[in-house]
Amino acid sequence: MVPLLLTLVLLEAPTLALVCQLLVRQLLPSLLPALLILLDLLALASLFACVYTDPGVLPQSVNNYEWSEELLELPGVNHQVRPDHSYLCVSGWGLGVMHKYCVECHLYRPLRTIHCRVCNHCVERYDHHCPWLGVCIGKYNYRYFLAFLATLNLLMLAVLGCCIAVVVMQAQQGSGVLAYLLEIIVGAAALGFGAALMKLLAYHFELLRSGLTTN
Ligand SMILES: [Zn+2]
Ligand SMILES: [Zn+2]
């Protein structure tokens, strides 16, 4: 919960401070703070959907060396376990797949399933453990993770745009720097954070295009 709370504070504190400043001082048309609030709500909704959706955790087995009986019941499929039980080889229709044994969960992992060392469980189509949200990103919450990155990116762009507009407007009116100090700080943070997010989002879209995961 600590990483999530920290992320929420880092995200919400500057955004809400900016929105309040814009609303109180009426520096920009009220449509712009409303847009910031809308994007913020969308980012929060995708963040909570990502955090509270099961990423694809496999229940730990109570029996040793478990595998999916469904898979082995398919006609023409054979299986062979290595003498040290470290791998289960499933072969059939000219293909062979090795399933690694997870000593923590006591089961043979399905393909693209990886054991998360932080959470201590196996996750289907595991992408990574997100330290900012404190959860694994896997088969079922990856889409929400991408939605969170995308909406956060849009929010950072909107925040940056509003900050630039206020700074330019106030500078033209001859106001001192103190009058738009908040916008300078929040705008600089949005620029740095937004650039990093943009890179991360582009990387994940490239992985999606190639059918890969971070691992
Ligand atoms: Zn495991
Ligand atoms: Zn994890």
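Note that the coordinates shown come from a computational prediction; the quantities given were computed from them, not determined experimentally.

The rules behind the values
Residues numbered from 1 in each chain as written. Chains lettered and ligands numbered in written order. Predicted model: local features only at pLDDT ≥ 70, side-chain atom pairs only at ≥ 80, totals over all residues. Helix = DSSP H or I, 4+ residues; strand = E, 2+ residues; numbered from the N terminus. Rg over C-alpha atoms; globule rule 2.2 N^0.38 Å. Buried ≥ 20, exposed ≤ 12 C-beta atoms within 10 Å, placed from the backbone. Contact = placed C-beta atoms within 7 Å. Pairing = 2+ DSSP bridges. Domains from an automatic or database assignment.

**Observations concerning the overall build of the chain**
Then step 1. Looking only at helices and strands, one finds five helices and nine strands in the chain.
Then step 2. Counting helices and strands in the order they occur from the N terminus, the chain gives α-α-β-α-β-β-β-β-β-β-β-β-α-α.
Then step 3. The globule rule puts the C-alpha radius of gyration for 215 residues at 17 Å, and the 24 Å found for the chain is more than 25% above it.
Then step 4. The principal-axis extents of the C-alpha atoms in the chain amount to approximately 80 × 35 × 25 Å.
Then step 5. Looking at the 215 residues of the chain, the share that counts as buried comes to 26%.
Then step 6. Within the chain, contacts between residues separated by at least 24 positions form 57% of all contacts whose residues are at least 6 apart in sequence.

**Some points on the sheet that holds strand E7 (residues 121-123)**
Then step 1. Strand order in the open sheet made by the three strands is E1-E7-E6, with antiparallel pairing throughout. Edge strands, defined here as strands with exactly one partner in the open sheet, are strand E1 (57-58) and strand E6 (114-116).
Then step 2. Two strands pair when backbone bridges link them, and E1 and E7 are joined in this way by two bridges, in the antiparallel orientation. Within E7, the residue paired with Leu 58 across the bridge is Cys 122.

**Remarks on the sheet that holds strand E4 (residues 95-102)**
Then step 1. The antiparallel open sheet is built from four strands, whose spatial order is E2-E3-E4-E5. Bordering the open sheet on either side are strand E2 (78-81) and strand E5 (107-108), each of which pairs with just one other strand.
Then step 2. Sheet topology places strand E3 (residues 87-92) next to E4; six bridges connect them, and they run antiparallel. Its bridge partner being in E4, Gly 92 is matched across the sheet by Leu 95.

**Brief notes about the domain arrangement of the chain**
Then step 1. As assigned here, the chain comprises domain 1 (2-56 + 128-210) and domain 2 (60-113).
Then step 2. Here the C-alpha centre of domain 2 lies 43 Å away from the C-alpha centre of domain 1.

**Describing unusual backbone geometry**
Then step 1. One non-glycine residue, His 106, lies in positive phi territory at about 60°.
Then step 2. Taking the C-beta count within 10 Å as the criterion, His 106 has 14 such neighbours and is therefore assigned partly exposed.
Then step 3. For Arg 125, which is not a glycine, the phi torsion comes out positive at approximately 40°.

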